[in-house]
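Tertiary structure, described
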Amino acid sequence: MIQWKSNHTGFTEQIVSGSNPISIVKSIGSNHAVGSQNAESSLGLSQEDLIFEDSQAAPSWIKADVNCGDSLLVSRTLQAKGSKVNGFDLDPPKVLVVDDHAASRMTAVALLGMEGYEVIEADSGSIVVGLVTQKQPDLILLDVMMPGMDGFEVCQLLKQDDQTRLIPVIFITALNDRRSRIRGIEVGADDFLTKPFDRVELAARVKSLVRQKRLNEDLDHAEQVLFSIAMSIESRDPNTGNHCERLVQLGQVFGEYLSLSRYQIRDLRWGGYLHDIGKVGIPDAVLLKKGELTSEDWQIMQQHVLIGEKICQPLRSMRGVIPIIRHHHERWDGSGYPDRLQGNDIPYLAQVFQLIDIYDALTSERPYKRAFPSAEALSVMQKETDSGWRNPKLMEQFVEFIRSCQGKIIESRE
């Protein structure tokens, strides 16, 4: 091990060489540019390319955080010069490095720091879940073999949580056997790196997955905007109450009853929020009109399904929801709108959604009607089915579903 001391009080740099790539351990008390001829030649960087930044004076590069005691180590960020960090704009991506071996952990920290990432360290799997929730890293480098909670357990917990499942996880391990990799895939790992690290490979894999994660975040933000618009539309009409929330709950339990796939149930739930999003384009004079609508009013109102489709169409994640938005007013006999589809030409999820939408409307109180009891609502829907408006087989399943879980539905509406 080679050690240098700078002329500035409070700074020490160590370079540890061995079979693994070089690892830097640093301690700094104020902002200083630091360089070494040996470090320059070993790491392939000039003195000017290494900038150690510290926003606060501190006696050590190790500091406790989030009340985790000695299990958490937060390192400083090493940033390459320039207006961008590793190809990203000025907001440097955060990487959480989890490894119980200090030397291996610091190797990853040094390499990632030189690529411009903000690096957070942890030496125990047991604190990772809480740490990830608080720090929201863009990527996690996770050691497999750790005492207590190993990497497989940590990854599985993260991927099962909707708040953390989109954060990429790269397993770093000395294990190279097929069984370990298969298990890693099963618990949701996004990639694998074998010790010792190859600097170029590490940088490429991390950069790729961070970029993908940020694209997913952009998509997620766009979805949330749509949901917010949909909820604001519902709030414009105080007469509907919590119609969307009830449809989401009904879609979940009816979808499970029909043994739909996870993605179909998700689309049903999203349809509960988004089916009437197109009403944002309907004038208040029509949307909030008291009394019966004229034929001209109906023509305007029917446009909401087409407007809703156009709003959601740019998002690929909405492909399964768009048929619900466009076709939830079609009728089995072809007398619905907008396309007058008949029978099974109507998308199946639109047929399923239509039943829960009508049932909720009938069993909810509105200014122009009382809330029908469940039996009366089903009777009305059956008459419409007999008239050719609904899928007879699906209606039969819906009646059985309502009768089989009546208590659960009533409880969810209270």
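Before reading on, note that the structure itself is shown above.
In what follows, the accompanying structure is described. Bear in mind that the values here come from a model prediction, so they are computed numbers and not experimental data. (Residues numbered from 1 in each chain as written. Predicted model: local features only at pLDDT ≥ 70, side-chain atom pairs only at ≥ 80, totals over all residues. Heavy atoms only, no water.)

**With respect to the overall build of the protein chain**
Rules: What counts as a helix is a DSSP run of H or I of at least four residues, what counts as a strand is a run of E of at least two, and both are numbered from the N terminus. Here a residue-residue contact requires only that any non-hydrogen atoms of the pair lie within 4.5 Å. Only the protein chains shown count as cover for residues, and the accessible areas themselves come from Shrake-Rupley with a 1.4 Å probe.
On a plain count of helices and strands, the protein chain comes out with 16 helices and 12 strands. For the protein chain, restricting intrachain contacts to residue pairs at least 6 apart in sequence, the fraction spanning at least 24 positions comes to 62%. Of the roughly 20,900 Å² that the protein chain leaves accessible, carbon and sulfur atoms contribute 49%.

**What about the nonpolar core?**
Keep this limit in mind: What makes a nonpolar core is a set of buried Ala, Val, Leu, Ile, Met, Phe, Trp, Tyr and Cys residues whose side-chain atoms join them at distances within 4.5 Å. Here the term buried applies to any residue with accessible area under 20% of the maximum for its type, exposed to any over 50%, and partly exposed to those in between, with areas from a 1.4 Å probe on protein chains only.
One finds Phe254, Tyr359, Met381, Phe398 and Phe401 to be the most contacted residues of the largest nonpolar core, which totals 28 residues. Elements with a contribution of two residues or more to this core: helix H7 (243-257), helix H8 (262-274), helix H13 (348-362), helix H14 (374-386) and helix H15 (392-404). Ranked by the residues each element gives to this core, the list is headed by H13, at eight residues. What Met381 contacts, discounting residues up to four positions off in sequence, is Leu355, Ile358, Tyr359, Leu362, Arg390, Met395 and Phe398. Listed in part, the 22 residues of the second largest apolar core include Val98, Leu131, Ile167 and Val187.

**Notes on the pairing of strand S8 (residues 94-98)**
For clarity, the cut-off: If DSSP finds at least two bridges between two strands, the strands pair. When the strands point away from the viewer, a crossover counts as right-handed if the path from the first strand over the helix to the second runs clockwise.
Most of S8 sits inside the fold, with four of its five residues counted as buried. Where S8 lies against strand S9 (residues 118-122), five bridges are found, and the strand directions are parallel. Residue Val97 lies in a different strand from S9, and its bridge partner there is Glu121. What joins S8 to S9 is helix H2 (residues 102-114), and the crossover it makes is right-handed. Relative to strand S10 (residues 139-143), S8 runs parallel, the two sharing four bridges. Directly across from Val98, in S10, lies its bridge partner Leu142.

**Some points on the packing of aromatic side chains**
For clarity, the cut-off: Here a Phe, Tyr or Trp ring, Trp counted by its six-membered ring, pairs with any other such ring whose centre lies within 6.5 Å, and the pair is stacked when the planes are under 30 degrees apart, edge-to-face when over 60, and tilted otherwise.
In this structure the tally under the stated criterion is eight aromatic pairs. Pairing Phe254 with Phe398 gives two aromatic rings, centres 5.1 Å apart and planes at 80 degrees, and the pair type is edge-to-face. A residue pair is termed long-range when its members are at least 10 positions apart, and Phe254 in helix H7 and Phe398 in helix H15 qualify at 144 residues. Using a relative accessible area of 0% as the deciding quantity, one classes Phe254 as buried. Judged by centre distance (6.0 Å) and plane angle (45 degrees), the rings of Phe398 and Phe401 are tilted. Residue Phe398 and its partner Phe401 are located together in helix H15, separated by three residues, close to a single helical turn. The buried category is assigned to Phe398, whose relative accessible area is 0%. The class for Phe401 is buried, based on a relative accessible area of 1%. An aromatic cluster is built from Phe254, Tyr257, Tyr359, Phe398 and Phe401, whose rings are joined through pairwise contacts.

**Some details on the environment of Tyr273**
Note the following rule: Polar contact criterion, stated in full: a pair of N or O atoms within 3.5 Å, where within protein one must be able to donate a hydrogen and the other to accept it, and residues adjacent in sequence count only if both atoms are side-chain atoms.
Along the chain, Tyr273 turns up in helix H8. Beyond its immediate stretch of four places on either side in the chain, Tyr273 contacts Phe227, Ala230, Met231, Cys244, Glu245 and Val248. Side chain to side chain, Tyr273 and Glu245 meet in a polar contact 3.2 Å long.

**Examining the environment of Arg105**
You can see Arg105 is positioned in helix H2. Expressed as a C-alpha distance, the spacing of Arg105 and Ile172, which sit 67 residues apart in the sequence, is 9.9 Å.

**Quick look at the packing of H14 against H15**
Here is the rule: Only C-alpha atoms enter the line fits that serve as axes; for helices the fit covers just the stretch in contact. Angles between N-to-C directions range over 0 to 180 degrees. Angles are sorted into four bins: roughly parallel if under 35 degrees, roughly antiparallel if over 145, roughly perpendicular if 65 to 115, and oblique for all others.
The N-to-C vectors of H14 and H15 enclose an angle of 175 degrees; their axes lie 10 Å apart at closest approach. One element, H14, and the other, H15, form an angle in the roughly antiparallel class. Of the residues in H15, those touching H14 at Ser374, Leu378, Met381, Gln382 and Thr385 are Pro392, Met395, Phe398, Val399 and Ile402.

**Some details on the pattern of salt bridges**
Oppositely charged side chains may form a pair once their charged atoms are brought near each other. Selection criterion: Within this document, salt bridges are pairs made up of a side-chain nitrogen of Lys or Arg and a carboxyl oxygen of Asp or Glu, the two lying within 4 Å of each other.
Applying the stated rule across the entire model yields 16 salt bridges. In this structure, Arg105 engages Glu121 in a salt bridge whose closest nitrogen and oxygen atoms are separated by 2.8 Å. Note that Arg105 is positioned in helix H2 and Glu121 in strand S9, a separation of 16 residues in sequence. Connected through shared salt-bridge partners, Asp99, Asp143 and Lys195 make up one network.

**A closer look at the packing of H7 against H8**
Just so we agree on the cut-off: Less than a right angle of anticlockwise turn of the near helix away from the far helix marks a crossing as left-handed, whereas a clockwise turn marks it as right-handed. Three categories are distinguished: nonpolar for Ala, Val, Leu, Ile, Met, Phe, Trp, Tyr, Cys and Pro, charged for Asp, Glu, Lys and Arg, and polar for the others, with Gly belonging to the last.
For the pair H7 and H8, interaxial distance at closest approach is 7 Å and the crossing angle is 160 degrees. As far as their axial angle goes, H8 and H7 are roughly antiparallel. Pair H7 / H8 crosses with right-handed handedness. Across the interface between the two elements, Cys244, Glu245, Leu247, Val248, Gly251, Gln252, Gly255 and Glu256 of H7 pack against Ile265, Leu268, Arg269, Gly272 and Tyr273 of H8. Among the residues forming the contact of H7 with H8, the class breakdown is six nonpolar, four polar and three charged.

**Overview of empty space enclosed by the protein**
Applicable threshold: In the cavity and pocket records, a cavity denotes points on a 1 Å grid over the protein atoms alone where a 1.4 Å probe fits but cannot get out, a pocket denotes an open set with protein on both sides within 12 Å along at least 5 of 7 lines, and lining residues are residues with an atom within 4 Å of a point. Grid points are joined across faces, edges and corners, and a volume is the space filled by probe spheres set on the points.
Within the structure shown, the criterion is met by three cavities of 30 Å³ or more. For the largest cavity, the calculated volume is near 70 Å³. Around the largest cavity, the lining residues are Glu330, Arg331, Trp332, Ile346, Gln351, Gln354, Leu355, Trp389, Arg390, Asn391 and Leu394. Here the lining of the largest cavity takes three residues from H13, the largest share from any one element. Here the lining of the largest cavity is composed, by residue class, of five nonpolar, three polar and three charged.

**Comments concerning the pairing of strand S11 (residues 169-173)**
Among the five residues that make up S11, five are buried, leaving the element largely enclosed by the rest of the structure. Relative to S11, S10 is paired through four bridges, and the arrangement is parallel. Residue Asp143 lies in a different strand from S11, and its bridge partner there is Ile172. Tracing the backbone out of S10, into helix H4 (residues 151-160) and back to the parallel element S11 gives a crossover that is right-handed. By the bridge criterion, four bridges tie S11 to strand S12 (residues 191-194) in an arrangement that is parallel.

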